[in-house]
Amino acid sequence: MSNMGYTFVIFGASGDLTSRKLIPALYNLYRKGRLGDDLAVYGVSRSEFSDDDWRTSLKETTAKFAGARFHEDAWNEFAQHVFYIAADATKTEEMVSLKAQLDEKEADAARTRIYYLSMSPKLYEQTICNMGVAGMSDESDGARRIVIEKPFGTDLATSQQLNHCAHQVFQEDQIYRIDHYLGKETVQNLMVLRFANSIFEPIWNRNYVDHVQITVAEEVVIGRRAGYYDHSGILRDMFQNHILQLMTITAMEAPAKYEANSVRDEKVKVLKSVRPISPDQIGNETVRAQYMGYLKEEGVPKGSQTATFAALRLCIDNWRWQGVPFYLRSGKGLSCRTSQIVVQFRQPPHLLFNRKRALESNRLVIQIQPNEGIQLHFQTKVPDAGMEMRLTDLDFRFDSEFSGSMPEAYERLLLDAAEGDPGLFARSDEVELAWSIIDPIIAGWASKSAPRLYWYETGSWGPKESTDWMYSQGREWFDVCPVLK
Ligand code: BG6
């Protein structure tokens, strides 16, 4: 199959994701020769455009979003493979006609076709259903795959319903649920760090690790996304997908093989081991907050209680992690953009030196973005100062070790979808289990006994109460903007 040509059909072609991420990623893949010459990219949406109009507008956006990787000649070559078809995917007859047009254009040879749902999630079910009626999952003329953008449902019930609908038309191995965090190089490197080295695994457990912190901090505020964000809030937007994915990869056991289902089986086991937070514990195990000024953002309803910041303490009830809390935290409008996993090790069992002062113990900081890399913190003797010690570090940075720029997450994911490797996509059970962890928290926050919604200033590390909450457990957030500059 891999020698066949590839056809990408992007539903929601006039949307932001298409111009910001999908087209620049396809352009880069093409430029690097990863998709071969036999490539066709069709944009589909309701607006009327000619091929040329669409190419012109994409040229401008790609130049902006692909940055230094944009080269006019390469673009012009790529643009020859880009086409536009106006159709309303929610109308059955238009989908049938779209299928006929695609078949006609590609009548000469079997091809791998990747359908990408990048339109409003409200339209997913109807679109998939129409694809079923039009027979678009039929693989007699080459592989057919569907990539579904997040959010995959808005809770467990809707995600089950969407899975049910998708399974009526496509087989599970044709369905690629995207979580772009899995396409980030550093997230994949986390598995390499853990399972291609022998020094970390023996200490990666309750005997040596005190706790784990996963922070995805964003400096940006919600801007003009209130329509989506106010319904979604931080838990649906960042935790159910990206942050739980980071947690599963940090916590999982080594899979039997590096192969999609073996890896996903291990991730699923972690999600199944997460201790449910009971309604009466929501106030102890979570902190929620909203940045000051959120209520003034365009389109935010008066008095909205939507959280733009959350901190959760999750416990994983298995042999490896019993008693080791995982602190997960994310927010908009924070001090800086940084995504980091901090593995905080225990104190040495016996303090030989400077026993008056509590030592800062070892930590491993995995910086996912920006400035991707890893830092190991350890105590060192300050020279010529008796036995005074200081926490120092060893740094590893991708960009000083390797040349070339880091590929965008979407490049890797689109290539994997084309080549039929679902390893970096979420399986149906994974998505549903993630919702079953998040749903009770959302319900708890909406209930009468909900914990207070705190406030924080933009440019901070969230509400003071989140810092106090950690202190009250004898721990401290690692509030450091990218450690690797
Ligand atoms: C998206 C969220 O999934 O991820 C956004 O909807 C968020 O709210 C974004 O800003 C963060 O992605 P990244 O790759 O910039 O960390």
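Summarised in this report is the structure supplied together with it. Everything numeric in this text was worked out from a predicted model, so none of it was measured. (Residues numbered from 1 in each chain as written. Predicted model: local features only at pLDDT ≥ 70, side-chain atom pairs only at ≥ 80, totals over all residues. Heavy atoms only, no water.)

This paragraph deals with the state of the cysteines. Tallied over the full model, the rule gives 1 disulfide. In this model Cys336 forms its disulfide with Cys481; the gap between the sulfur atoms is 2.2 Å. When the S-S torsion is -110°, as for the bridge of Cys336 with Cys481, the disulfide is left-handed. On the criterion of sequence distance, the pair formed by Cys336 in the loop between β10 (326–331) and β11 (338–345) and Cys481 in the segment after α14 (464–471) is long-range, its members being 145 residues apart. Here Cys165 stays unpaired: no disulfide links it, and the sulfur of Cys129, its closest cysteine neighbor, is 6.5 Å away. (Disulfide = S-S within 2.5 Å. Helix = DSSP H or I, 4+ residues; strand = E, 2+ residues; numbered from the N terminus.)

Our next topic: the nonpolar core. Of all hydrophobic cores here, the largest spans 110 residues; its most connected members are Phe8, Phe78, Leu235, Phe239 and Met247. Here Phe239 is in contact with Ile234, Leu244, Ala310, Leu312, Leu328, Arg329, Ser330 and Ile438, once residues within four sequence places are set aside. Of all hydrophobic cores here, the second largest spans 31 residues; its members include Ala87, Tyr124, Phe170 and Val431. (Core = buried A, V, L, I, M, F, W, Y, C linked by side-chain atoms within 4.5 Å. Buried < 20%, exposed > 50% of the residue type's maximum accessible area, 1.4 Å probe, protein only. Contact = heavy atoms within 4.5 Å.)

What surrounds the ligand is the set Lys150, His180, Tyr181, Lys184, Glu218, Arg225, Asp237, Met238, His242, Lys332, Arg337 and Gln369. Within the side chain of His242, an N or O atom sits 2.7 Å from an oxygen atom of the ligand. Here the ligand has 400 Å² of accessible area as a free molecule, and 81% of this is covered by the chains. Element by element, the count of residues in the shell around the ligand is highest for helix α8 (residues 226–251), at 3 residues. The class makeup of the residues in the shell around the ligand is 2 nonpolar, 3 polar and 7 charged. (Near = heavy atom within 4 Å. Polar contact = N/O pair within 3.5 Å; in protein donor to acceptor, adjacent residues only side chain to side chain. Areas by Shrake-Rupley, 256 points an atom, 1.4 Å probe, with all protein chains shown as cover. Nonpolar A, V, L, I, M, F, W, Y, C, P; charged D, E, K, R; others polar.)

What follows deals with the environment of Ser447. Turning to its location among the elements, Ser447 is positioned in the loop between α13 (428–446) and β15 (453–456). With relative accessibility at 31%, the residue Ser447 sits in the partly exposed group. When the C-alpha positions of Ser447 and Gln305 are compared, they lie 12 Å apart, and in sequence the two are 142 residues distant.

Here we take up the environment of Tyr456. With respect to the helices and strands, the residue Tyr456 is situated in strand β15. You can call Tyr456 buried: its relative accessible area is 1%. Residues Tyr456 and Ala289 lie 167 residues apart in sequence; the distance between their C-alpha atoms is 6.9 Å. Not counting chain neighbours up to four residues away, the residues in contact with Tyr456 comprise Ala289, Gln290, Tyr291, Met292, Thr308, Phe309, Gly331, Lys332, Gly333, Leu334, Gly462 and Pro463.

For the coordinates displayed, the defined rule picks out 21 aromatic pairs. A centroid spacing of 6.4 Å and a plane angle of 75° characterise the contact between Tyr291 and Tyr456, whose relative ring orientation is edge-to-face. Of this pair, Tyr291 sits in strand β8 (residues 286–291) while Tyr456 is found in strand β15, placing the two residues 165 residues apart along the sequence. Taken together through their ring pairs, the aromatic side chains of Tyr228, Tyr229, Tyr291, Tyr294, Phe309 and Tyr456 make up a single cluster. Sitting over the ring of Tyr181, Lys184 keeps its end group 4.5 Å from the ring centre. Looking at Arg329, its charged tip hangs above the ring of Trp477, at a distance of 4.0 Å from the centre. (Phe/Tyr/Trp six-rings, centres within 6.5 Å; stacked < 30°, edge-to-face > 60°. Lys NZ or Arg CZ within 6 Å of the ring centre and 35° of its normal.)

Before going further, it helps to examine the sheet that holds strand β6 (residues 175–177). With parallel pairing, 6 strands are arranged side by side in an open sheet as β3-β2-β1-β4-β5-β6. Both edges of this open sheet fall to β3 (82–86) and β6, since each of them pairs with a single strand only. When strand polarity is set aside, the average angle formed by the axes of neighbouring strands in this sheet is 20°. As defined by bridge partners, strand β5 (residues 144–148) adjoins β6 across 3 bridges and the pair is classed as parallel. In the sheet register, Ile146 faces β6, and the bridge partner there is Ile175. (Pairing = 2+ DSSP bridges. Axes fitted to C-alpha atoms, helices over the stretch in contact; angles between N-to-C directions.)

Below, the discussion takes up a negative patch on the surface. A surface patch of negative charge is lined by Asp138, Glu139, Asp141 and Asp173. One can find Asp138 in the loop between α5 (124–133) and β5. Note on Asp138: relative accessible area 44%, which makes it partly exposed. (Patch = residues over 30% accessible without salt bridge, like charges linked within 9 Å, V, L, I, M, F, W, Y side chains within 5 Å. Salt bridge = Lys/Arg side-chain N within 4 Å of Asp/Glu carboxyl O. Lys, Arg positive; Asp, Glu negative; His and termini not counted. Charge placed at Lys NZ, Arg CZ, Asp CG, Glu CD.)

Another point: helix α9 (residues 260–273). With 14 residues, α9 ought to run about 20 Å at 1.5 Å a step, and its terminal C-alpha atoms sit 20 Å apart, in line with that. Along α9, 10 of the 14 residues are buried, which leaves the element largely enclosed by surrounding structure. Buried within α9 we find Ala260, Ser262, Val263, Arg264, Glu266, Lys267, Val268, Val270, Leu271 and Ser273. At its buried positions, α9 is contacted by α7 (185–195), α8 and α13. (Expected span 1.5 Å × (residues − 1).)

This next bit is on the packing of helix α6 (residues 156–169) against α13. Between α6 and α13, the shortest axis-to-axis distance is 9 Å and the interhelical angle comes to 165°. The angle between the axes of α6 and α13 places the two elements in the roughly antiparallel class. Along this stretch, α6 crosses α13, giving a crossing that reads as left-handed. Along its contact with α6, which presents Leu156, Ser159, Gln160, Asn163 and His167, the element α13 presents Ser428, Val431, Glu432, Trp435, Ser436 and Asp439. Taken together, the residues of the contact of α6 with α13 sort by class into 3 nonpolar, 6 polar and 2 charged. (Parallel < 35°, antiparallel > 145°, perpendicular 65-115°, else oblique. Left-handed = near helix turned anticlockwise from the far one by under 90°.)

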